[in-house]
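Spelled out, the chains give:
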Amino acid sequence: MERNTYESFPQLVIQYERLVYTVCFQLVRDAAAAEDLTQESFLSAYLHRESIPPGYERQWLCRVAANKAKDYLQSAYQRHTLLPGEEHIPPGLSPPAEETALRRAAAEEIRDLILHMREPYQPVCRLCLLEEKTPEEAALALGRPVKTIHTQLSRGKRMLREALERSGNDDMLSP
């Protein structure tokens with residue numbers, strides 16, 4: 001994003017609106033609050049647009065959204081409100097909310113990439129990576145040889161890794 005320009009900011013909003021909403025929603029688990037936090041995140045980003053590091057707009061906006069959601073959650077904490085899923089986690093053992101939101105947003109991105117892969121990789125990656133089936137189970141379900149499933153899974157993972165590297169989220173897939 002060019003520094004000190006008003007023209008490029010609307011494009012930034014269009015490009016990352018869904019991602020920022022997802023980060024907020026994954027943390028607060030409330031659609032209305034996530035919408036409000038998305039607007040607050042972009043307002044804050046607009047007011048501080050000069051500090052957006054060039055080439056790191058996506059990460060910067062995710063950080064702003066996570067911080068807005070954390071602030072919201074801290075106010076809920078002050079009211080002694082338990083968040084969904086926190087009923088069984090001992091205090092102090094849950095991961096930081098920001099880390100959880102970023103991990104969930106990345107998982108959503110990976111899921112979307114898998115579901116939009118071309119044949120023959122999409123069904124193999126969907127079964128093995130999303131549904132956690134073994135290559136043998138995937139081979140049986142798809143009627144393909146196990147060796148073929150291994151090859152297609154390997155190539156599919158490479159395609160995912162390359163797509164994530166292009167999007168700046170390459171740390172979410174281990175080699």
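Scroll up a little and you will see the structure.
Figured I'd write up the structure that's included with this text. (Residues numbered from 1 in each chain as written. Predicted model: local features only at pLDDT ≥ 70, side-chain atom pairs only at ≥ 80, totals over all residues. Heavy atoms only, no water.)

Among the structural elements, Thr38 can be located in helix 2 (residues 31–47). A residue is classified by how much of its surface remains accessible, and Thr38, at 6% relative accessible area, is buried. A polar side-chain atom of Thr38 sits 2.7 Å from the main-chain carbonyl oxygen of Ala34. Filtering out sequence-adjacent residues up to four positions away, Thr38 remains in contact with Glu17, Val20, Tyr21 and Cys24. (Helix = DSSP H or I, 4+ residues; strand = E, 2+ residues; numbered from the N terminus. Buried < 20%, exposed > 50% of the residue type's maximum accessible area, 1.4 Å probe, protein only. Polar contact = N/O pair within 3.5 Å; in protein donor to acceptor, adjacent residues only side chain to side chain. Contact = heavy atoms within 4.5 Å.)

Another aspect to go through is the nonpolar core. Core analysis: the biggest nonpolar cluster contains 23 residues, and Tyr16, Val20, Val28 and Leu61 have the highest contact counts within it. Sorting the residues of this core by element identifies helix 1 (9–28), helix 2 and helix 3 (57–78) as the ones contributing at least two each. Counting residues per element, this core draws most heavily on helix 1, which supplies nine residues. The residues contacting Val20, other than those within four sequence positions of it, are Thr38, Ser41, Phe42, Leu61 and Ala65. Core analysis: the next-biggest nonpolar cluster, separate from the first, contains 14 residues, Met117, Val124, Cys128 and Leu160 among them. (Core = buried A, V, L, I, M, F, W, Y, C linked by side-chain atoms within 4.5 Å.)

Attention shifts here to the pattern of salt bridges. Counted according to the given criterion, the structure contains six salt bridges. A salt bridge links Arg144 to Glu119; the shortest N-O distance between them is 3.9 Å. One end of the pair, Arg144, is in the loop between helix 6 (135–142) and helix 7 (146–167); the other, Glu119, is in the loop between helix 4 (97–115) and helix 5 (121–130), and 25 residues separate them in sequence. When its relative accessible area of 22% is taken as the criterion, Arg144 is described as partly exposed. On the basis of relative accessibility, which here comes to 54%, the residue Glu119 falls in the exposed class. Among the salt bridges present, the one from Glu162 reaches Arg158, with a minimum N-O distance of 4.0 Å. Taken together, the positions of Glu162 and Arg158, both in helix 7 and four residues apart, correspond to about one turn of that helix. Look at Glu162 and you get partly exposed, because its relative accessible area is 36%. For Arg158, a relative accessible area of 44% translates into the label partly exposed. Several salt bridges converge on common partners, so that one network encompasses Arg18, Arg111 and Asp112. (Salt bridge = Lys/Arg side-chain N within 4 Å of Asp/Glu carboxyl O.)

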